[in-house]
Structure formats: structure tokens, C-alpha cells
Amino acid sequence: MEVGNQTCISEFILLGLSEEVLLQPLLFWFFLFMYLVTFIGNLLIILAIITNSHLHTPMYFFLFNLSFSDICFTSTTIPKMLWNIKTQSQVITYEGCIIQMYFFMLFGILDNILLTVMAYDRFVAICHPLQYLIIMNPKFCDLLLLTSWLVSVLDSLLHGLMILRLSFCTKLEIHHFFCELYEVVQLACSDTFLNDLMIYFASGALVIVPLTGILFSYSKIVSSILKISSTRGKYKAFSTCVSHLSTVSLFYGTSLGVYLSSASTQNSRATAVASVMYTVVTPMLNPFIYSLKNKDIKQALKTLFSRETFLV
């Protein structure tokens, strides 16, 4: 097998979801629709929070950042995929692949950590309501957000730097619609032990720790809700968690589904298709979850639309 140093590599080939020529226009319009819905939906959530002073609370501060992260998360992969379909090209440059991989990991990890922070916010609001504004003060919220960004940036940077040390073979076909970390590492001809070790360690830590935090928070939340005497009080307390709980279930459910499908099959194309669920579908559905199940967001969106209509 011919081996080349990474400095000689100029491009990778993204094989995408299907090589069927007749399917390409359908895939283009399907993913363009989902991307526009994701972008506009999350942008509306951001605008609703900015323009409504009643939503300037810790809960919506983190939702604002989650919506921003979702826009960036999908923007790292879908525009390039659409461009490749439109130009009938499967090429992505070596530098472009590294950059795409870095930002995809960054915003994916940020989503994960923000969901954990939002679970903690709900825990404090329900279990310690009288101390909520004291604990979740602006400085502490800023610190939580800064920590989320730092962890995401450092982990993504570490993976990116470790990719740069690898040498690649002449076969540079990625069986995916974007530069997925594990797929890229598998193309290397040099020793990938450290990369594999880092992937498993970081993935384990960044899934187990946040998920444990979420489960702990909700165990305490459920315990507190059960202690409320009135049915109305229980419903009111639980209703503040429904949107977040739905988003968490969707995020971890789709991610776990992709992991199990990739573990049970050697078909990389099938794994790529399954990954659409957490890379595109989940960010697209989040605005609907929060707008349909959250009265404050629904009211803020109505106010936003009525204001726009008045201006027109």
C-alpha cells in the first residue's frame, strides 16, 4: 500500500449518503429544506428571547446559546453537502476537512454541555426556588457558559492537532457526507493508537459525565415534584421541564441510535444515513419543541410576529 505524508495530501472525497444520480436532486432539496427550517426556527427563538425582556432569565439565556449552537452545528456540514451535490463534486480540501471536523466537534460538544447546564438550571429552579436568583446569578451563568465553551474548544482542538500528526494512504474516500472524526482516522496509514485512545476517552467522558449530571438533576427534580401536595403545583413544576426533557431525549436517543447502528453493522453508508438524525433532525426539531411546549416562547413569538407585521 502506498503511503504519503499528510503534507502531500490536498483533498478527501466525501462519498455522501448515496451515489445514485437520480437521488441527488431529491437529497439536495430535502436537506436544503431541513437546513432552512433549522436556521430560521432557531433564529426566531434567538430573536424572541432578545426582544422580550420577560425572557431575560437564566433558563432562556442558555436556550439562546443552544439555538445559536444548533445553527452553527448544522452550518458546519449541510452547506458543504449542498454545494457538493449542486456542483456534482465530492471533493473537500485537506484544510477544509480539518476545519469542518473541528467546528463540528466544537458545536456538538457545546450542545451536549449546554443541555447539562440547562438541566442544572431546572434543578435549582424546582428544588431551590427561593435561592434560584441568588444561585443562578448573571456572573455564575456567564461562568457556566464560558466553561462550556472552553471545554468544547479545547477538546476539539486536541482532536484536530492529533489528526495533523497522521499520515494518510492514497485511498482518501470518506463514507460520509462530512468529515467525521472516526472515519478520517480510519484512513490513516500511520499508527492511530493515540487517536483511538483519545476518541474513546474523550467520548466516554463527554457523554458519561454530562448524562450523569442530567440524570442526577432530574432524579432530584422528580423527587421534589412528588413532594408537592397539589396536582396543579406538580403539573406547573413539571411543565417547566418538558421542553428540555424532550430535547435531551431526542439528542441522546438519536446519538445512541447512531452508535448502536454503527456497532452492529460494518456498513459505513448506513451509519452515515443514521447520523442525519442527530446532525440535522435534532437541531431542526428543537425550535418546534420549545415553541409548542413553552407558553413564554409562544407568547414571545406572537409578539415578535405582530411587531414585524406592524412595521410592514
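You'll find the chain entered in an unreviewed UniProt entry as Olfactory receptor, with Bos indicus given as the organism. Under the UniProt heading Function (unreviewed entry), the entry covering the chain gives this text: "Putative odorant or sperm cell receptor." The heading Sequence similarities (unreviewed entry) in the UniProt record of the chain holds the text "Belongs to the G-protein coupled receptor 1 family."

Some details on the UniProt feature "transmembrane region" (unreviewed entry) in the chain
According to UniProt, the feature "transmembrane region" (unreviewed entry) maps to residues 26-50, 59-78, 98-120, 140-164, 197-216, 237-260 and 272-292 in the numbering used here. Between the C-alpha atoms that bound residues 98-120 the distance is 33 Å, and the span itself is 100% helix and 0% strand. End C-alpha to end C-alpha, residues 140-164 measures 36 Å, and it is 100% helix and 0% strand.

Side note on empty space enclosed by the protein
For the structure on display, the rule yields two cavities of 30 Å³ or more. One number sums up the size of the largest cavity: a volume of about 50 Å³. Considering the residues around the largest cavity, the lining is formed by Met59, Met118, Asp121, Arg122, Thr240, His244 and Tyr290. Secondary structure elements with two or more residues in the lining of the largest cavity: α4 (94-127) and α9 (231-264). Top element by residues in the lining of the largest cavity is α4. It accounts for three residues. Considering only enclosed or pocket space, the second largest cavity measures out at about 30 Å³ in volume. Lining the second largest cavity we find Asn42, Ile45, Leu63, Leu66, Ser67, Asp70, Asn286, Pro287 and Tyr290. Ranked by residue count, the leading element in the lining of the second largest cavity is helix α2 (residues 58-75), at four residues.

Some words on the sheet that holds strand β5 (residues 173-174)
The mixed open sheet is built from three strands, whose spatial order is β3-β2-β5. Every other strand in the sheet has two partners, leaving β3 (91-93) and β5 as the edge strands with one partner each. As paired strands, strand β2 (residues 11-14) and β3 are joined by three bridges and run antiparallel to one another. Looking at β3, one finds that isoleucine 13 is bridged to valine 91. The strands touched by α4 are β2, β3 and β5; relative to β3, the strand with the most contacts, the crossing angle is about 80°.

Digging into the state of the cysteines
The full count for this structure, using the stated rule, is one disulfide. With its sulfur 2.1 Å from that of its partner, cysteine 97 forms a disulfide with cysteine 179. On the sign convention where negative is left-handed, the bridge of cysteine 97 and cysteine 179, at about -130° about the S-S bond, is left-handed. One end of the pair, cysteine 97, is in helix α4; the other, cysteine 179, is in the loop between β5 and α7 (181-186), and 82 residues separate them in sequence. Neither cysteine 97 nor cysteine 179 differs from the other in exposure class; each is buried. Cysteine 72 takes part in no disulfide bond, and the closest cysteine sulfur to it belongs to cysteine 179, at a distance of 18 Å. Of the residues examined, cysteine 72 reaches a relative accessible area of 16% and is grouped as buried. The thiol of cysteine 241 is not disulfide-bonded; the next cysteine sulfur, from cysteine 127, is found 8.8 Å away.

Digging into the packing of helix α6 (residues 138-164) against helix α8 (residues 193-226)
Packing of α6 against α8 brings their axes to within 10 Å, and their N-to-C directions diverge by 165°. As summarised for this structure, α6 and α8 are arranged roughly antiparallel, according to the angle between their axes. Between α6 and α8 lies a crossing of left-handed hand. For the pair formed by α6 and α8, the contact residues are Val151, Asp155, Leu158, His159, Met162 and Ile163 on the first element and Leu194, Asn195, Met198, Ile199, Ala202 and Leu206 on the second. Broken down by class, the residue content of the contact of α6 with α8 amounts to nine nonpolar, two polar and one charged.

Some details on the layout of surface pockets
Roughly 590 Å³ of internal volume is contained in the second largest pocket. Considering the residues around the second largest pocket, the lining is formed by 22 residues, among which Lys236, Ser239, Thr240, Lys295 and Asp296 are closest to the centre. Of all the elements, α9 adds the most residues to the lining of the second largest pocket, at eight residues. Each residue belonging to the lining of the second largest pocket can be placed in one class, and the counts come to nine nonpolar, six polar and seven charged.

Rules used throughout
The written sequence of each chain sets the order in which its residues are numbered from 1. Under the rules for a predicted model, residues below a pLDDT of 70 receive no local features and side-chain atom pairs below 80 are neither given nor counted, while totals for whole chains, interfaces and linings still include all residues. For the side-chain quantities, the full set of heavy atoms in the structure was used; hydrogens and water were omitted. UniProt positions are given in the numbering used here, feature names are shortened, and annotations may be inferred rather than shown by experiment. Secondary structure is summarised from DSSP: a helix means a run of H or I of at least four residues, a strand means a run of E of at least two, and numbering begins at the N terminus for each. Using protein atoms alone on a 1 Å grid, points that fit a 1.4 Å probe yet trap it form a cavity, whereas open point sets bounded by protein on both sides within 12 Å along at least five of seven lines form a pocket; residues with an atom within 4 Å of a point count as lining. Grid points are joined across faces, edges and corners, and a volume is the space filled by probe spheres set on the points. Should DSSP find at least two bridges between two strands, the strands are taken to pair. Contacts between residues were defined by any pair of non-hydrogen atoms, one from each residue, lying within 4.5 Å. Angles run from 0 to 180 degrees between N-to-C directions of axes, and those axes are lines fitted to C-alpha atoms, restricted for helices to the stretch in contact. Cysteine sulfur atoms that come within 2.5 Å of each other are treated as a disulfide pair. Between buried and exposed lies partly exposed: a residue is buried under 20% and exposed over 50% of the maximum accessible area for its type, with that area taken using a 1.4 Å probe on protein chains only. Should an angle fall under 35 degrees it is taken as roughly parallel, and over 145 as roughly antiparallel, whereas 65 to 115 is taken as roughly perpendicular and any remaining angle as oblique. Crossing handedness is defined as follows: a turn of the near helix away from the far one that is anticlockwise and smaller than a right angle gives a left-handed crossing, while the clockwise case is right-handed. Under the grouping applied here, Gly and all other residues not named as nonpolar or charged are polar, the nonpolar ones being Ala, Val, Leu, Ile, Met, Phe, Trp, Tyr, Cys and Pro and the charged ones Asp, Glu, Lys and Arg.

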